[in-house]
Structure formats: C-alpha cells, structure tokens
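A structural walkthrough
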Amino acid sequence: MGRLFGTDGVRGVANADLTAELALGLSVAAAHVLAEAGSFDGHRPTAVVGRDPRASGEFLEAAVVAGLASAGVDVLRVGVLPTPAVAHLTGVLGADLGVMLSASHNAMPDNGIKFFARGGHKLADELEDRIETVYEQHRTGEPWTRPTGDGVGRVTEYAEGFDRYVAHLVAVLPNRLDGLRVVLDEAHGAASRVSPEAFARAGAEVITIGADPDGLNINDGCGSTHLALLKAAVVEHGADFGVAHDGDADRCLAVDASGEEVDGDQILAVLALAMREAGQLRKDTVVGTVMSNLGFKIAMEREGINLVQTAVGDRYVLESMKNEGYALGGEQSGHVIVLDHATTGDGTLTGLLLAARVVATGRTLADLAGVMQRLPQILINVPDVDKSRVATSPELAAAVEDAERELGDTGRVLLRQSGTEPLVRVMVEAADIEQARSVAGRLADAVKSALG
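One structure accompanies this document, and this report is about it. The structure displayed is predicted, hence computed values, not measured ones. (Residues numbered from 1 in each chain as written. Predicted model: local features only at pLDDT ≥ 70, side-chain atom pairs only at ≥ 80, totals over all residues. Heavy atoms only, no water.)

1. Details of the environment of phenylalanine 241
Here is the rule: A run of DSSP states H or I qualifies as a helix once it reaches four residues; a run of E qualifies as a strand once it reaches two. Both are numbered from the N-terminal end.
Turning to its location among the elements, phenylalanine 241 is positioned in strand β10 (residues 241-244). A C-alpha to C-alpha distance of 26 Å links phenylalanine 241 and isoleucine 305, two positions 64 residues apart in sequence.

This is the structure:
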C-alpha cells in the first residue's frame, strides 16, 4: 500500500478512493495514535469534527464520528466551517484532536480528511506515518480494545463554534472596516456564512457571490481558482476590492477596484509592511517558498525585510515559522499564515487584515499592492521523464547555467520534481515576458532531451 497521507491530509475521489470504511478506520487509528501522543492525562479524549459543504462530506462525517466514538473519543460536531475554524476550535476548546473533511480547492467529486493534533496544529510526518501503521494493523485483523458501556464516545452538536470563531476573527482586527465596500466570493464553500458575517460585524458593506452551497457546486467556476466572476462583480458594484476563498477557506486571493488580481505574494507584502509598522513582524522576516515571485523578493529586500524561502507547501512554511519564531508566511496561491492568530492558513482572517490595512491607511488596494511588481512567471510541465536525475544530469546543469547567464540579475530559473507524477516543472521568471517564454521553452526541451 502506498502512503495514504499527501501534503495536506488524505484525499481522493469520495466513495471510490476515499471510502466510508477508510474514513472510519483512519479515525480509529488517529484516536489511538493521538491519544498516546497527547497522553490524555486520564481524561476522556475529545475531538472537534467539521466539514465543507460537499455532498460526500455527509457520509464521510458520519464515518469519522463513528470511528472516533467507537474508540472512546467524545465528539463535538461543528458542522460546515472552514478548515482554520476547526483548527482554532480544537485549540481553544482544549480538544485532543480535530478532523476536517474537505478537498480544499479540488472539484466536488473529491474529498479529504485532515487531522489536527492538540492545540490545532497540523500533524508531523511521523505522526501521520504512525496513524497509517495502526490503520494497516487494524485493517489486516490485529485486535484492539473496544470500549463498551459508558466507555464509548458521546456525540454532541456544537453550534456555538460559528459564533466563537467569528468573534475571534473580528477581535483580531486592529481597526474597524466602516465605510469599506467589499465583494466576497465564497466558492460555494465552507466560509459561505462565516466570511460575510465577520466582515459585516467589523463594519464593512458586504456583497456576496458564490455563497449558496448545495453540496454539488463547491469551487464550480468560482472562488480563488476562478476569479473572473469576482473581477466582474467588483467593477459592477463599485467596490473597494474583492476577496476570493477556496472550498475550505484556508486561501485568500484579492481583486482591486479596477478588477486586477492581487495574489498571495502581494498580500504577504502588504501585510509584512503593516505588521512591521505595528512591531509584530518578528525578526523583520517573512517566510515564502521557492515559488514566490522574484518581484516579491526584490520588494522585501528594498523594504529591509528578510525573506526565508522553503519548499513548496504551506506545511513547510509553517514548519519554518514555528521552528524559528517568525510571525508571517505564505504562498503565492493565497495560503497566508499569521501565526499569532492562527495555526494554519486562514483565508477569512487574511482578507480581514488586508481590509483593515486599506481602511487604516486610506490607500487603495492597488496602491498598497504596488509595493511589489510581479515579474512574468512561465511554468511548463515536462511529462514522462526520469525526474530522479534532475540534480545529477550534466547536460541539464549546463542548460540551466546558460539560462541563468542569459537572464542575469533580472530573472531566475527553477526546476522542480513532481511529488506524485513522472514530470519535471520548469519555471522561469524575467522582467521581459517574451524572454521568459523563450528561455522556458528551451529549458523544457533540454529537460526532455536529458531526462527523457
């Protein structure tokens, strides 16, 4: 059996790859592993369980709850809430683990299971490996002690989770949002109630699109992966700007008043300056990834802010932040982590903080985002190659050296191996987009020649 856990939990097509049996078994295994890891101090363990609105989330939630309760865990069902809400509630309620059912920005047929440890933190690789090991032991027939009588877990609806999370979001803001008109695209996802409520409580005038989930329309032509509707709505309503989330609302992208996209790098740049001004940007450092736009790096250097770059994936950004004590990090895709207020990327929190900066400065989002100039970024996937030889091929090394020499200080080259497919990703940035296209095309040919 291959590894079940990917970069962000266990995902697959619901009822095909991700079945009720798998969800139940993983939940039992997680209860056992996290009970041991947390030691539980002799008290009955508790879990917070939430989901996004996907139709498949209904039966998968039932399976997860059944697995946890059968292992002696009391369950607080919070219903449809964003991933960061489940993480937050796991922490503030003192729960021993949290479970979120979502496939984030993926299409509706997919779903996923994400576990949080005590405190609302993502699991380390070794904990995920232990859960898989225990799951496999149970699957192949190894017996486990099943509680009976009053030892089985109890299941409670925790409707207060919505208000508690929204109150937390609003309390974080440094100023109110009165006078701001904002369009919110909720991707027919988990933040369809939360985000409009939080912005409205903070004083903003709110216009919503993509906020009518029916279980089948999540991420369907809307949200952070499809910005066209938001761009049109912002211009139509004369809004100050717009915010787009994905299905589980751990991402935030924005659109300025003229309908131009403001991506995760630009949002990070705006928030980095705001946090430094407030004395909250610890070590004057922001964490990005190797895919952060070169324009972001140039802007941070100009502003005297250090940039630490990690491997691609918000889990690696978070790991660096926690290990080194940094306060802000994120990805171009809109995963932004403000560690003083969240244990994971939080799209609603990010949008609120961006809005607060617009109101506090009296400047437009376009003006604020202009702190950095996005350099054209060309990405080409080269399939059917031996990705394991990327770092050892002399022919490819020579091609990369030639490309870097041609680009000079105005561009950069990055080759990445896919984690799951036999392909190599060629990324080239340059101030001149035609130069970027030309260099990327030649590098893609070199990859095919050297590794094909």
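This is not the end of the story, as more comes after the structure.
2. Focus: the packing of aromatic side chains
Filter applied, for reference: Aromatic rings from Phe, Tyr and Trp, with only the six-membered ring used for Trp, were paired whenever their centres fell within 6.5 Å, and each pair was classed as stacked if the ring planes differed by under 30 degrees, edge-to-face if by over 60, and tilted otherwise. For each residue, the accessible area found with a 1.4 Å probe, counting protein chains only, is set against the maximum for its type, and the residue is called buried under 20%, exposed over 50%, and partly exposed in between. Note on criteria: charge over ring means Lys NZ or Arg CZ within 6 Å of the ring centre, with the direction from the centre no more than 35 degrees off the ring normal.
Under the criterion given, the structure shown has one aromatic pair. Considering the side-chain rings of phenylalanine 5 and phenylalanine 115, the 6.3 Å spacing of their centres and the 50 degrees angle between planes classify their relative orientation as tilted. Taken together, the positions of phenylalanine 5 in the segment before β1 (10-13) and phenylalanine 115 in strand β5 (residues 110-117) put the pair 110 residues apart, joining distant regions of the chain. Taking the relative accessible area as the measure of exposure, phenylalanine 115 reaches 4% and is therefore buried. Between the NZ or CZ atom of arginine 193 and the centre of the ring of phenylalanine 162, over which it lies, the distance is 3.9 Å.

3. Examining the pattern of salt bridges
Two side chains that carry opposite charge are able to pair once their charged atoms sit near each other. To keep it simple, the criterion reads: A pair is scored as a salt bridge if a Lys or Arg side-chain nitrogen falls within 4 Å of a carboxyl oxygen belonging to Asp or Glu.
Summed over all chains, the structure comprises 33 salt bridges. Across the pair aspartate 129 and arginine 3 runs a salt bridge whose closest N-O atoms are separated by 3.0 Å. You can see aspartate 129 sitting in helix α4 (residues 125-139) and its partner arginine 3 sitting in the segment before β1, a full 126 residues away along the chain. Between aspartate 125 and arginine 315 there is a salt bridge, with its nearest N and O atoms 2.4 Å apart.

4. Comments concerning the environment of leucine 101
To be explicit about the condition: The contact definition used throughout considers only heavy atoms, calling two residues in contact when any of these lie within 4.5 Å.
Along the chain, the position of leucine 101 falls in strand β4 (residues 97-101). Leucine 101 gets classed as buried once you look at its relative accessible area, which sits at 0%. Along the chain, leucine 101 and proline 82 lie 19 residues apart, while their C-alpha atoms are 9.7 Å from each other. Other than its neighbours up to four places away in sequence, leucine 101 contacts Gly50, Arg51, Asp52, Gly57, Leu60, Glu61, Val64, Asn111, Gly112 and Ile113.

5. Notes on the pairing of strand β14 (residues 306-310)
One face of the sheet, then the other: side chains in a regular strand alternate in exactly this way. For clarity, the cut-off: Two strands pair under a simple rule: DSSP has to find at least two bridges between them. A crossover counts as right-handed when, viewed with the strands pointing away from the observer, the path leading from the first strand over the helix to the second turns clockwise.
In this sheet, β14 lies alongside strand β13 (residues 285-289) in parallel orientation, the contact comprising five bridges. Within β14, the position partnered with valine 287 by the bridge is valine 308. Regarding the hand of the β-α-β motif, the stretch spanning β13, helix α9 (residues 294-302) and β14 is right-handed.

6. Things to note about the sheet that holds strand β18 (residues 411-417)
Where we set the bar: Here the axes come from fitting lines to C-alpha atoms, over the contacting stretch only for helices, and the angles between their N-to-C directions go from 0 to 180 degrees.
Read from one edge of the open sheet, three strands run β17-β19-β18, paired in antiparallel fashion. For this open sheet the edge positions go to β17 (377-383) and β18, each flanked by a neighbour on one side alone. Each strand of the sheet is rotated relative to its neighbour by a mean of 15 degrees, with strand direction disregarded. Pairing of β17 with strand β19 (residues 423-430) involves seven bridges; the strand directions are antiparallel. Paired with proline 383 across the two strands is leucine 423, which belongs to β19. Packed onto the sheet, helix α14 (residues 433-451) meets β17, β18 and β19 and runs at close to 155 degrees relative to β19.

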